[in-house]
Amino acid sequence: MPAWPAQVEVKIEVVLPEKERAKEEMSPNGKASPLVYKVNGTARHYHLEEHPITINPYQNVKDVVEASVCHVKDLENGQMREVDLGCGKALLIKENGDYYAMGHKCPHYGAPLVKGVLSKGRVRCPWHGACFSIGTGDIEDFPGLDSLPKFQVKIEKEKVYIRASKQALLTQRRTKVMAKCISLSNYNISSTNVLIIGAGAAGLVCAETLRQEGFSDRIVMCTMDRHLPYDRPKLSKSMDSHLDQITLRPKEFFRTNDIEVLTETQVAAVDIKNKIAVFKNGFKMDYNKLLIATGNTPKALSCKGKEVENVFNIRTPEDANRVVKLASSKNAVIVGASFLGMEVAAYLTEKAHSVSVVELEEVPFKKFFGEKVGQALMKMFENNRVKFYMQTEVSELREQEGKLKEVVLKSGKVLRADVCVIGIGASPATGFLKQSGINIDSKGFIVVNKMMQTNIPGVFAAGDAVTFPLALRNNKKVNIPHWQMAHMHGRIAALNMLAHGTEISTVPYLWTAVFGKSLRYAGHGEGFDDVVFQGDLDELKFVAFYTKNEEVIAVASMNYDPIVSKVAEVMASGRAIRKRDVETGDMSWLTGKGS
């Protein structure tokens with residue numbers, strides 16, 4: 001067997017908040033003095049480890065597997081191969097003459113990365129667009145929280161060998177090393193260095209990134225939800241999911257990494273001058289850095305009977321579970337052909353006696369995907385027993401013994417309904433900031449720059465409640481209320497709390513899943529003036545390129561993987577895609593070899 005590289009010595013730096021970072025002084029004996037850290041004006045001393053941490057992933061010999069996986073000539077530059085090491089698989093990559101090996105499944109939902117896109121030192125997932133460095137396995141774009149395990153590669157006698165941890169081959173994921181909070185035995189409970197309002201993807205990724213970057217002070221997250229952060233997209237895509245199936249991190253994770261989460265807690269106001277958050281119950285907490293990631297609030301119906309029982313906005317796992325139970329063999333009405341509304345309708349078709357969708361527009365998703373894609377999707381739903389009532393609204397919800405019985409439309413049609421789900425859009429949850437001095441636009445969105453900073457120093461915002469400059473669209477201020485973008489917002493905010501000066505440059509990527517099919521989308525197509533199709537819309541095997549002023553600004557596909565991830569990589573590289581490139585059907589532009 002080949003000789004393997006020696007274990008790697010890694011130095012972990014503990015990062016203190018900027019304003020409290022003390023200069024290291026030398027003690028009389030010549031050794032560095034303990035760290036001096038001020039809390040509430042009192043200096044306290046803490047000893048840090050003097051020795052670097054040595055990380056050897058192969059300390060347990062029984063956990064190690066070594067295998068010859070292929071001949072050097074079996075893999076060309078720019079190619080990937082899934083290889084079997086006997087007790088698990090790895091992804092083998094060759095780029096610029098070098099070999100790399102790492103986990104073969106995306107840690108998000110388990111997509112096979114060999115079917116993804118390799119480009120300039122990273123692999124992009126074919127399903128949802130997450131990106132991983134081939135050099136380190138680290139996650140570089142989202143969704144998902146974990147990175148990939150990295151394995152050693154050795155070339156000997158023209159054979160490629162991989163050495164890997166059996167445990168890593170089994171789990172196919174790696175959580176980055178995180179700093180510990182410096183133990184403050186008597187810190188002031190009403191004071192934190194970082195306060196994060198909101199515990200969705202943006203808030204959680206912000207907290208994790210701070211710890212990954214060595215931040216060692218107190219982090220407090222607060223949320224109106226009663227649960228720890230969970231995978232919100234699954235509420236409409238997989239409505240039967242139990243909380244433990246969709247929780248993003250277990251309780252132990254937050255304890256281990258000293259991330260405090262206050263559930264069922266609402267912030268009522270923010271005093272930016274004195275850096276104090278005022279909670280609804282009167283409790284006050286001062287902060288040094290603040291992240292506002294409150295997301296949005298679903299719009300409610302304004303019609304007669306809106307308070308009737310069994311009418312839901314899907315906001316919690318309990319909501320989703322309850323809707324499925326009520327719809328079983330009964331009549332379900334969905335108001336709004338939004339992403340949430342259509343996903344709920346699709347999920348309930350196998351459970352309910354009938355599923356009806358009420359929508360003000362003439363075609364679902366017309367503004368987002370265009371009329372032709374909207375019509376193709378509508379036909380698929382109709383083929384699965386979903387009945388549409390278009391270009392109308394709800395005028396009344398009728399009850400019997402307090403519970404929903406009928407939905408009356410303005411067209412005069414009366415629909416039998418045992419449960420109703422409202423999916424007519426949402427508004428940013430920023431009402432508590434109106435008197436704060438934080439810049440809010442006319443629609444209620446928090447305005448941030450490319451570093452997710454508001455107009456107030458030390459105050460950042462992220463997720464569904466913000467507008468930010470999108471590099472892809474010449475820094476146009478946009479609101480993109482999607483899961484991947486919230487992750488990236490949280491990461492950028494954290495890096496800039498630590499004064500990294502990192503600007504957001506990600507390509508928006510989203511997906512919807514209905515009837516076992518996924519529709520993927522990358523870019524930002526707002527204001528598109530034409531759509532160029534390849535494939536067959538009727539067969540739902542197509543790619544749609546959204547163009548504006550002769551340039552491709554977004555792409556959508558079904559059953560055409562990994563085209564959306566390929567286009568996302570081209571967009572991420574900064575290369576413009578011209579309308580004429582996609583009209584010819586010649587796809588050489590995807591590799592940069594086109595005209």
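Before any of the text, the structure's been laid out above.
Predicted model only: the values in this text are computed from it and were never measured.

### Quick word on the pairing of strand β6 (residues 79-84)
Then comes step 1: Where β6 lies against strand β7 (residues 89-95), 6 bridges are found, and the strand directions are antiparallel. In the strand pairing of β7, M80 is matched with I93.
Then comes step 2: With antiparallel pairing between neighbouring strands as the criterion, β6 and β7 make up a hairpin whose turn holds 4 residues, including G86 at a positive phi of roughly 95°.

### Structural notes on the nonpolar core
Then comes step 1: Residues V123, L195, L210, V270, L291, I292 and F468 are the most contacted members of the largest nonpolar core, which totals 77 residues.
Then comes step 2: Examining the composition of this core, we find that 8 residues originate from one element, helix α10 (residues 483-497), more than from any other.
Then comes step 3: Contact partners of L210, with chain neighbours within four places excluded, come to V194, F215, I219, A494, M497 and L498.
Then comes step 4: Counting 49 residues, the second-largest nonpolar core is a separate cluster that includes A352, M380, L510 and A554.

### Quick word on helix α7 (residues 339-348)
Then comes step 1: Of all 10 residues that make up α7, 8 are buried, and the element is covered over most of its length.
Then comes step 2: Burial in α7 covers these residues: F339, G341, M342, E343, V344, A345, A346 and L348.

### As for the sheet that holds strand β27 (residues 394-400)
Then comes step 1: The antiparallel open sheet is built from 3 strands, whose spatial order is β27-β28-β29. Strand pairing shows two members of the sheet lacking a second neighbour, β27 and β29 (414-416), which therefore form its edges. Strand-to-strand twist across the sheet, computed as the mean angle between neighbouring axes with direction ignored, equals 30°.
Then comes step 2: Pairing between strand β28 (residues 403-409) and β29: 3 bridges, direction antiparallel.

### A few points about the environment of K413
Then comes step 1: In this structure, K413 sits in the loop between β28 and β29.
Then comes step 2: According to the relative accessible area criterion, K413 is partly exposed, its value standing at 41%.
Then comes step 3: In this structure, the C-alpha to C-alpha distance between K413 and Y389, residues 24 residues apart in sequence, is 9.0 Å.
Then comes step 4: Look past the residues within four positions of K413 in its chain and what remains in contact with it is Y389, V407 and V408.

### Focus: helix α6 (residues 317-327)
Then comes step 1: For α6, the complete set of buried residues consists of P317, D319, A320, V323, V324, L326 and A327.
Then comes step 2: Packed against the buried residues of α6 are α3 (234-237), α4 (243-246), β23 (311-312), β24 (331-335), α7 and β30 (419-422).
Then comes step 3: Just downstream of α6, S329 is the residue with a positive phi angle, here 60°.

### Some remarks on the environment of E396
Then comes step 1: Within the secondary structure, E396 sits in strand β27.
Then comes step 2: Accessibility expressed as a relative area gives 19% for E396, which makes it buried.
Then comes step 3: Taking the C-alpha atoms as reference points, E396 and V408, 12 residues apart in sequence, are found 5.0 Å from one another.
Then comes step 4: Excluding residues within four positions of it along the chain, E396 makes contact with C303, K304, E406, V407 and V408.

### Observations regarding a positive patch on the surface
Then comes step 1: Residues R322, K325, K330, K403, K405 and R416 make up a contiguous surface patch of positive charge.
Then comes step 2: Broken down by secondary-structure element, the contributors of at least two residues to the positive patch are α6 and β28.
Then comes step 3: Checked against the element boundaries, K330 lands in the loop between α6 and β24.

### Considering the sheet that holds strand β10 (residues 122-124)
Then comes step 1: With antiparallel pairing, 4 strands are arranged side by side in an open sheet as β9-β10-β11-β12. Pairing within the sheet leaves two strands with one partner each, and these edge strands are β9 (117-119) and β12 (139-141). For this sheet the average axis-to-axis angle between neighbouring strands, irrespective of direction, equals 30°.
Then comes step 2: Two elements, strand β11 (residues 131-133) and β12, share 2 bridges in a ladder whose sense is antiparallel. Bridging from a neighbouring strand, C131 pairs with D141 of β12.
Then comes step 3: Relative to β10, helix α11 (residues 563-572) is tilted by about 135°, and along the sheet it contacts β9, β10 and β11.

### Structural notes on the pattern of salt bridges
Pairs may arise between side chains of opposite charge once their charged atoms sit close together.
Then comes step 1: For the structure on display, the rule yields 24 salt bridges.
Then comes step 2: In this structure, K367 and E361 form a salt bridge, with 4.0 Å as the shortest nitrogen-oxygen distance.
Then comes step 3: Residues joined in a network through salt bridges with shared partners are D146, R173, E208 and R249.

### Some points on the pairing of strand β25 (residues 354-359)
Then comes step 1: Burial analysis of β25 places 5 of its 6 residues in the buried class, the great majority of the element.
Then comes step 2: Direction of pairing for β24 relative to β25: parallel, over a ladder of 5 bridges. From the neighbouring strand, N331 faces β25, where its bridge partner is S354.
Then comes step 3: In the classification by handedness, the crossover that spans β24, the intervening α7 and the parallel β25 is right-handed.
Then comes step 4: Here β25 runs beside strand β26 (residues 386-390); their pairing, made up of 5 bridges, is parallel. Looking at β26, one finds that S356 is bridged to K387.

Conventions and cut-offs
- Residues numbered from 1 in each chain as written.
- Predicted model: local features only at pLDDT ≥ 70, side-chain atom pairs only at ≥ 80, totals over all residues.
- Heavy atoms only, no water.
- Pairing = 2+ DSSP bridges.
- Helix = DSSP H or I, 4+ residues; strand = E, 2+ residues; numbered from the N terminus.
- Core = buried A, V, L, I, M, F, W, Y, C linked by side-chain atoms within 4.5 Å.
- Buried < 20%, exposed > 50% of the residue type's maximum accessible area, 1.4 Å probe, protein only.
- Contact = heavy atoms within 4.5 Å.
- Axes fitted to C-alpha atoms, helices over the stretch in contact; angles between N-to-C directions.
- Patch = residues over 30% accessible without salt bridge, like charges linked within 9 Å, V, L, I, M, F, W, Y side chains within 5 Å.
- Areas by Shrake-Rupley, 256 points an atom, 1.4 Å probe, with all protein chains shown as cover.
- Salt bridge = Lys/Arg side-chain N within 4 Å of Asp/Glu carboxyl O.
- Lys, Arg positive; Asp, Glu negative; His and termini not counted.
- Charge placed at Lys NZ, Arg CZ, Asp CG, Glu CD.
- Right-handed = clockwise from strand over helix to strand, strands pointing away.

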